[in-house]
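# Structural features, examined
Chain by chain, the residues run as shown.
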Amino acid sequence: PGCIPGDGCRRLTNLAVAQRACASLPACGGVTSAGPSSFELRSASRPADSPVNETTWTLRPCPTRLGGKVLSGAPRRTGLAASSARTPPRGWSSWNCLRGGPTQAKLSAVMRVMATQRRTVLGKAQRLLSLADLGYVNVGLDDGWQLCGAPGVEERAYHLASGHPVVDARKFPDLGSMVGLAHRLGLRSGFYVNNCLCSEHSLRTPEAVALAMERTAEAIVSLGFDAVKIDSCGELKNLSRWRELLGPTVAVENCFQGGLVPTNSTLPAIMSDPRGASHPNVEIAQSNNGCSGALEEEQCPYQYYRTSADIDVTWESVMANLISAVAFSGDKPLLSRPGLWAYPDMLVVGFLPTAVEDRSHFGAWAVLSSPLTLSFDLTDTATLDRVWPIISNVHLLRVNAAWAGSPGRLVRATAEHMLFAKPLGGGEHAVFVLATGSTSTSVEIRMPDVVGTTDDQTVVRVLDAYDDARDLGQTLVEGRAFATGPIEPRDSRFYLFVSTVRRVT
């Protein structure tokens, strides 16, 4: 037991040589120590040949390779079709709360929290619901799974010469079982490539880049991951090629900080290759666009795309990222739409200093149809309880998912406020007002700004989406405006304008 089928129990005296040998064998799952200067190749599908070696495998800083069928027994994938992002995705990502320290144990704990029905939701008859019940089903493993400078590779690299990526087995002893847990809980599991913590720039030829992409994509698919975030820090920047390799069942996030998105076929300066434009991969990266508002979403090699730099846990960063998404809002041209969503990065709800800022931040992302990705520690019960009324607001979640031809738009911006509107269909519109000045402000909302042209038979009721769609008792007709009343700095209002036609008697 523990031997590689068809290859026996090979022992080698050098760890780096053992790693390379393992990388060349599809049935090898990793390397264990069999004594001083003695390293044994371990089967991917069978236990180690002794309790000693099994313990060594778990604790020793030996990487295991991902790729092909190395980690066999991976669960049957659920098959989230890449073109199925008909509504903005919702879920959680590990980066903001774990940074480079994610572990399989931590992500598994987060998954269980997401699937546990333990809290009530306003307007849902006190029924206990989970985050997954509310649509938060995507669980993203971000940077930190890889072993930078693994034995047998260069410093800061994490791909072997065979192209296979190297995982830190101390953190993730069995990625396949982690993906399987997500699927059993009704969740979707996301992966992360082109990693920034290593910032790998040791692949010296286009062939080496291509091989690393192929082996990594094989691992993602064989392990059953449902989505992948493609970052911008390494050499694997060819989005079109990633789309081909991953196939139709893996959703793709373009995390190029506003580069290679609709209307923009270049890379931001922060992603320039340190070796200069002569390196072959820079030219590859520039060829990824092929996507504009005039084309169908299937012609774009991703399902949602970052419009901004990484978000920070400050109000200033929230505002900067919000403004970055405004350029992709509206419907002329239609740059954010089902299957192709503009994304100003994950939510930092739970990190901001006040509930007012948390709520305004969530409201802004909701009205612009942004993906809603939580990023605080979901196992922190106190924080989850504190923000639960915000992230479980079913009216804002409905607005976020609704599609009636527009992802939402900025109606106007002044020094004191920003006004957004989104059509929901059936004569209903969402209206979001954000106070951006340093003093309290009252905003007047005119019907034509939000609802469009109406006749004198149209009546608009105003509901408070922050307060379970409570009817504010105001009806508007053509020519009248709605006044918000005082809004304090960084606070907001979220309304539903519901149009009806008066009966003529």
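In what follows, the structure referred to is the one given above.
This report concerns the structure included in the present document.

## So, the sheet that holds strand β10 (residues 188-193)
Reading across from one edge, β14-β13-β12-β11-β10-β8-β5-β15 is the order of the eight strands in this open sheet, with parallel pairing throughout. The sheet terminates laterally at β14 (341-343) and β15 (372-374), the two strands that pair on one side only. Going from strand to strand, the sheet's axes swing by 25° on average, the running direction of each strand aside. With three bridges joining them, strand β8 (residues 138-140) and β10 adopt parallel strand pairing. What sits directly across from Gly140, in β10, is Gly190.

## Considering helix α5 (residues 175-184)
Taking burial as the measure, the 10 residues of α5 include eight buried ones, the bulk of the element. Those residues of α5 not exposed but buried are Leu175, Gly176, Met178, Val179, Gly180, Leu181, Ala182 and His183. Buried-residue contacts for α5 involve α4 (104-115), β9 (166-167), β10 and α6 (206-223). The N-terminus of α5 is capped by Asp174, whose side-chain oxygen sits 3.3 Å from the backbone nitrogen of Gly176. Taken from the residues just after α5, Gly186 is the one with a positive phi, measuring 80°.

## A word on the sheet that holds strand β18 (residues 428-435)
For sheets, the rule is that strands pair by backbone hydrogen bonds, running either parallel or antiparallel. Spatially, β16-β17-β18-β23-β20-β21 is the arrangement adopted by the six strands of the open sheet, whose pairing is antiparallel. Each of the sheet's edge strands pairs with one partner strand only, and the pair in question is β16 (409-413) and β21 (470-477). Across the sheet, the axes of successive neighbouring strands diverge by a mean angle of 25°, strand direction being ignored. As judged from the seven bridges shared by strand β20 (residues 458-464) and strand β23 (residues 492-501), these two strands associate in the antiparallel manner.

## Considering the state of the cysteines
Summed over the entire model, instances satisfying the criterion amount to two disulfides. Covalent S-S linkage joins Cys148 and Cys198, the inter-sulfur distance amounting to 1.8 Å. Judged by the sign of its S-S torsion, about -100°, the bond between Cys148 and Cys198 is left-handed. Taken together, the residues span a long stretch of sequence, with Cys148 in the loop between β8 and β9 and Cys198 in the loop between β10 and α6 at a distance of 50 residues. You can call Cys148 partly exposed: its relative accessible area is 34%. Across a sulfur-sulfur distance of 1.8 Å, Cys196 and Cys233 are joined as a disulfide pair. Because the torsion about its S-S bond is 75°, the bridge between Cys196 and Cys233 counts as right-handed.

## What to know about the packing of α4 against α5
Taken N-terminus to C-terminus, the directions of α4 and α5 make an angle of 5°; their axes are 10 Å apart at the nearest point. By the angle between their directions, the pair α4 and α5 is classed as roughly parallel. Mapping the contact onto sequence places Gln104, Leu107, Ser108, Met111 and Arg112 in α4 and Leu175, Ser177, Met178, Leu181 and Ala182 in α5. When the residues that make up the contact of α4 with α5 are grouped by side-chain class, the tally is six nonpolar, three polar and one charged.

## A look at the pairing of β18
When you tally the buried positions in β18, you get eight out of eight residues, the bulk of the element. A two-sided burial pattern is seen for β18, the buried positions comprising Glu428, Ala430, Phe432 and Leu434 on one face and His429, Val431, Val433 and Ala435 on the other. Of the pairings in the sheet, the one linking strand β17 (residues 417-425) to β18 comprises eight bridges and is antiparallel in character. Across the sheet, the residue bridging to Leu419 is Val433, located in β18. Here β17 hands over to β18 after two residues, with Gly426 in that stretch at a positive phi of 65°. The pairing of β18 with β23 spans seven bridges and is antiparallel. In the sheet register, Leu434 faces β23, and the bridge partner there is Ser492.

## Description of the pairing of strand β19 (residues 441-446)
The side-chain alternation of β19 yields one buried face, formed by Thr441, Val443 and Ile445, and one unburied face, formed by Ser442, Glu444 and Arg446. Pairing of β19 with strand β22 (residues 481-487) involves five bridges; the strand directions are antiparallel. Considered in β22, the bridge of Glu444 is made with Ala483.

## A short note on the pattern of salt bridges
Per the stated rule, a full pass over the model turns up 19 salt bridges. A salt bridge links Glu428 to Arg398; the nearest nitrogen and oxygen atoms lie 2.8 Å apart. Taken together, the positions of Glu428 in strand β18 and Arg398 in helix α12 (residues 394-401) put the pair 30 residues apart, joining distant regions of the chain. By relative accessible area, Glu428 is classed as buried at 14%. Ionic contacts of the salt-bridge type, sharing partners, join the residues Glu214, Arg241 and Glu244 into one network.

Reading the values: rules and limits
Residues numbered from 1 in each chain as written. Predicted model: local features only at pLDDT ≥ 70, side-chain atom pairs only at ≥ 80, totals over all residues. Heavy atoms only, no water. Pairing = 2+ DSSP bridges. Helix = DSSP H or I, 4+ residues; strand = E, 2+ residues; numbered from the N terminus. Axes fitted to C-alpha atoms, helices over the stretch in contact; angles between N-to-C directions. Buried < 20%, exposed > 50% of the residue type's maximum accessible area, 1.4 Å probe, protein only. Contact = heavy atoms within 4.5 Å. Polar contact = N/O pair within 3.5 Å; in protein donor to acceptor, adjacent residues only side chain to side chain. Disulfide = S-S within 2.5 Å. Parallel < 35°, antiparallel > 145°, perpendicular 65-115°, else oblique. Nonpolar A, V, L, I, M, F, W, Y, C, P; charged D, E, K, R; others polar. Salt bridge = Lys/Arg side-chain N within 4 Å of Asp/Glu carboxyl O.

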